[in-house]
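Fold and geometry: a report
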Amino acid sequence: MKKKIALLLSLVLVFSMFMGCNNAKNPDESEPSKTPVETSPNTPDAPPTEATENNKPYEGITVTMGFNSAYDIAADAWIFQKIKEYTGIIVEPLCYSNEVYREKVGTWIASSELPDMFTASNISISEIIKYGSQDAFVDVVAEAEAGNLPNFKALMLDDPDNRLLYMAYASEGGNHYLLPCWGMARDVNHGMMVRKDIMDELGLEMWTDNESFLEVLRAMKKAYPDSYPFTGKSNFNGVLGRIANSFNVNAIDTNPAYDWDSNQWYLGATSEGFHEMLELFQIMYKEGLMDPDCWNNDTATLDGKLINDQAFVCNDWIDRMGIINPQGKQIKENFELVYAPPIGNGLVNEIQKFDGNTGTLVANNENSGAALAMLDFLYSDLGCQINTVGIEGDNYDVVDGQIVYRDFDEQPTSYLQLQEKYGMLIDHYYKKVHQTDCIYFRYNAYQQAAQDMMNENDSYYKASPPAIVPEEDGSTYKTLSTEYTDNANKFVMEYITGDYGDKEWNTWVAEATATYSQLCDILNNK
């Protein structure tokens, strides 16, 4: 049987479910207490796990922790003080900006001078397994089976469904070096949004299909001729990669898409659904209904266009509504950006509870035991509570049944505000996330409306399974995948902005199939 590892990544979303963006400030004050709240983070989706506060075998040990954040999270952060209090372990944070961190990881790997634990960024699964097999990283499955990661084991290995997805990214021998995050995924995290006040002003009905979607944009363009009604941000696979699910394609580049009816991989960027989506966006571009900078806007630019009547529809992170509606109402009293139905088949992308190919690596050194113990604590119910909710009477109070955080002038609306203030919810270190009390799941009205709209009819297009690549095909697959991604990106831009039609489409399909069908053959074990 061929050796198997999981190679990289499904679609890269510039604002993914784990990296939402929100900056604000916020609640109350009172004297601290060391008693954690007694509510349980467990749902039917989260197996119960035991806390590990009864002994402190690594008390006084200092571990280095590498990660990226938009904030300067120092050693005196609230979360590190709580980790020390409950485990005895002292955390020395190595915190870098997102851009710098990717370079740091490369430097650490190249020099073999690794932090005791660090977020796996800019390093592929195949590289992780390669270095792990050379004893650079701790094999966390072996440690779990040896009884050293009881909380991780209960959640990720003893649960059959979680184990199946997680182990898809292991080596042939069952070695795995990543400690993933569980539960930091909403049912709906991105989608279509529209200025409801403009819809009401123009007497427009909400769209129900592609044609009525175009009619809404055309009416907006007619009323506001200087506008480009549809906008977005990030590279093409951020916006189109999400919308492709509404056209029956669960991946458009990097890896092939997956057809669950035939149980076969295929090139998503050569499918008829993909073609239909490109034709729609070509119409939008030609008629001036789509922002020419749709793929290049940053967050501030996107917000500005939506607030200042330069655009009225976008596909983006659903927290965008809570962020810009207060700003918009300062300019226009009835300003309101709301969640809107998908186009195409009416479905949005399915989001899985965790991703088996991202997480935290633990260096195989003299501090590995302490690092593993700290991370396993974060998988426990107590660690989950402290890291993703907080401690009642310490950094929050419960008022009229609601969590009210201290140390803020206004209540926080984003997990990033808790990250900045307390060091909680550092990306890839929220090992298990409280499914009801974590701020990420305490939805405002706009976020709740998005969940309700899609959950009412289970309107999700099924995600592709892990892309399992035989080890001997890894190099070939990676080379072809990179070329496929680059050429798919290029073709998409040319098709949308040019005079491409059936002739150019058929040429692309023939050339892509001839050149990149080996990607599908590898995954289909042909």
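Each chain has its residues counted from 1, following the order in which its sequence is written. For a predicted model such as this one, the threshold for reporting local features is a pLDDT of at least 70, and the threshold for listing and counting side-chain atom pairs is 80 or more; totals across whole chains, interfaces and linings nevertheless cover every residue. Water and hydrogen atoms were dropped before computing side-chain values, which therefore reflect all heavy atoms in the structure.

Segments assigned H or I by DSSP are reported as helices when at least four residues long, segments assigned E as strands when at least two residues long, and all are numbered from the N terminus. Here Glu272 is to be found in helix H10 (residues 272-286). Each residue is assigned to one of three classes by its accessible area relative to the maximum for its type, calculated with a 1.4 Å probe on protein chains only: buried under 20%, partly exposed between the two thresholds, exposed over 50%. Glu272 sits in the exposed class, given a relative accessible area of 55%. Counting along the chain gives 233 residues from Glu272 to Trp505, while the straight-line C-alpha distance between them is 10.0 Å.

This brings us to empty space enclosed by the protein. As a volume, the largest cavity reaches approximately 80 Å³. In this structure, the largest cavity is lined by His190, Gly191, Met192, Arg242, Ile243, Ser246, Asn315, Pro342, Ile343, Leu347, Val348 and Asn349. A cavity here means a set of 1 Å grid points, computed over protein atoms only, where a 1.4 Å probe fits but cannot escape. A pocket is an open set with protein on both sides within 12 Å along at least 5 of 7 lines, and lining residues have an atom within 4 Å of a point. Grid points are joined across faces, edges and corners, and a volume is the space filled by probe spheres set on the points. The computed volume of the second largest cavity comes to approximately 60 Å³. Met65, Ile79, Phe80, Ile83, Met374, Leu378, Asn387, Gly423, Leu425, Ile426 and Tyr429 are the residues that line the second largest cavity.

Let's shift gears to a negative patch on the surface. Negative charge collects at one region of the surface, where Glu272, Glu276, Glu279 and Asp502 lie side by side. Of all the elements, H10 adds the most residues to the negative patch, at three residues. Its location among the elements puts Glu276 in helix H10. Of the residues examined, Glu276 reaches a relative accessible area of 39% and is grouped as partly exposed. Residues enter patches when their relative accessible area tops 30% and they take part in no salt bridge; the joining distance is 9 Å for like charges and 5 Å for the nonpolar side chains Val, Leu, Ile, Met, Phe, Trp and Tyr. Only the protein chains shown count as cover for residues, with accessible areas throughout obtained via the Shrake-Rupley method and a probe of 1.4 Å. Definition used for salt bridges: Asp or Glu carboxyl oxygen within 4 Å of a side-chain nitrogen of Lys or Arg. Residues scored as positive are Lys and Arg, those scored as negative are Asp and Glu, and His as well as the terminal groups of each chain are ignored. Where a charge lies is defined by one atom per residue type, namely NZ (Lys), CZ (Arg), CG (Asp) and CD (Glu).

The pairing of strands in a sheet happens through backbone hydrogen bonds and is either parallel or antiparallel. With mixed pairing, the five strands of this open sheet are ordered in space as E3-E2-E4-E13-E5. Strand pairing shows two members of the sheet lacking a second neighbour, strand E3 (90-96) and strand E5 (178-179), which therefore form its edges. By the convention used here, strands pair only if DSSP detects at least 2 bridges between them. When strand E4 (residues 117-119) meets strand E13 (residues 360-362), the two strands line up antiparallel, connected through three bridges. Looking across to E13, one finds that Met117 is bridged to Val362.

Now for the pattern of salt bridges. What the rule picks out here adds up to 20 salt bridges. Of the charged contacts in the structure, one is a salt bridge between Glu211 and Arg218, with a shortest N-O distance of 3.3 Å. On the basis of relative accessible area, Glu211 is assigned to the partly exposed category, the value being 44%. For Arg218, a relative accessible area of 25% gives the class partly exposed. Here Arg406 ties to Asp397 by a salt bridge, and the two come within 2.7 Å at their closest N and O atoms. Its relative accessible area of 17% is what places Asp397 among the buried residues. Put simply, Arg195, Asp197, Glu201, Asp309 and Lys332 are held in one network by salt bridges that share partners.

Of note in the backbone geometry, Asp407 takes a positive phi value of approximately 75° without being a glycine. Checked against the element boundaries, Asp407 lands in the loop between strand E15 (402-405) and helix H15 (415-422). Looking at Asp407, the relative accessible area reads 37%, which means it is partly exposed. Within the chain, Asp458 stands out as a residue other than glycine whose phi angle is a positive 50°. Following the sequence through the fold, Asp458 ends up in the loop between helix H16 (445-455) and strand E16 (460-461).

The next subject is the side chain of Asp316. Assignment of secondary structure puts Asp316 in strand E10 (residues 313-317). The contact partners of Asp316, leaving out residues within four places of it in the chain, are Asn189, His190, Gly191, Met193, Lys233, Arg242 and Leu302. Residue contacts are defined here by distance: any two heavy atoms, one from each residue, within 4.5 Å place the two residues in contact.

Strand order in this open sheet of four strands is E7-E10-E6-E11, and the pairing throughout is mixed. Each edge of the open sheet carries a strand with a single partner, namely strand E7 (230-231) and strand E11 (337-339). With two bridges joining them, E7 and E10 adopt parallel strand pairing. Residue pairing for E10: Thr231 is matched across the bridge by Cys314. Sheet strands touched by helix H12 (residues 319-331): strand E6 (190-195), E10 and E11. Its angle to E11, the strand with the most contacts, is close to 165°. Axes here refer to lines fitted to C-alpha atoms; in helices the fit is confined to the stretch in contact. Angles between the N-to-C directions go from 0 to 180 degrees.

Classification of ring pairs rests on two measures: the distance between centres of Phe, Tyr or Trp rings, Trp counted by its six-membered ring, which must be within 6.5 Å, and the angle between planes, read as stacked under 30 degrees, edge-to-face over 60 and tilted in between. This structure, assessed with the given rule, holds 30 aromatic pairs. Centroid distance Tyr405 to Tyr422: 6.4 Å. Interplanar angle 40°. Geometry classified as tilted. Pair noted here: Tyr405 is in strand E15 and Tyr422 is in helix H15, with a separation of 17 residues, a long-range link. Note on Tyr405: relative accessible area 1%, which makes it buried.

Turning our eyes to something else, we now look at H12. A residue's bend is given by the angle between axes fitted to the 7 residues ending at it and the 7 residues starting at it. A bend of about 35° at Asn325 is the largest found in H12, and the proline Pro326 appears one to four places after it. Asp319, Arg320, Met321, Ile323, Ile324, Asn325 and Gly328 are the residues of H12 that are buried. Turning to H12, the residues buried within the fold contact E6, helix H11 (299-307), E10, E11 and H16.

For the rest of this paragraph, the subject is the state of the cysteines. Disulfides are defined as cysteine sulfur pairs within 2.5 Å. Scanning all chains against the criterion turns up zero disulfides. Of the cysteine sulfurs around Cys438, a residue in no disulfide, the closest is that of Cys384, at 8.1 Å.

The sheet contact formed by strand E2 (residues 62-68) and E3 spans seven bridges and is parallel. By the bridge assignment for E3, Asn68 is matched with Tyr96. The handedness of a crossover follows from its direction of travel: if, with the strands pointing away from the viewer, the path from the first strand over the helix to the second runs clockwise, the crossover is right-handed. For the crossover from E2 across helix H1 (residues 78-87) to E3, the handedness is right-handed.

A separate point is the layout of surface pockets. Quantified by volume, the second largest pocket comes out at close to 640 Å³. Taken together, 22 residues line the second largest pocket, and the ones lying closest to its centre are Leu165, Glu350, Ile351, Gln352 and Lys353. The element contributing the most residues to the lining of the second largest pocket is helix H6 (residues 160-167), with four residues. Of the residues that constitute the lining of the second largest pocket, the class distribution is 12 nonpolar, three polar and seven charged. Residues were grouped as follows: Ala, Val, Leu, Ile, Met, Phe, Trp, Tyr, Cys and Pro as nonpolar; Asp, Glu, Lys and Arg as charged; and all remaining residues, including Gly, as polar.

The subject of this paragraph is the nonpolar core. By nonpolar core is meant a set of buried Ala, Val, Leu, Ile, Met, Phe, Trp, Tyr and Cys residues that side-chain atoms within 4.5 Å join together. Membership of the largest hydrophobic core comes to 98 residues, with the highest contact counts inside it found for Phe80, Phe152 and Met374. Counting residues per element, this core draws most heavily on helix H13 (residues 368-379), at eight residues. In contact with Met374, not counting residues within four places along its chain, are Val63, Met65, Ile83, Ile89, Val91 and Met117.

Any functional reading would require information that these geometric values do not contain.
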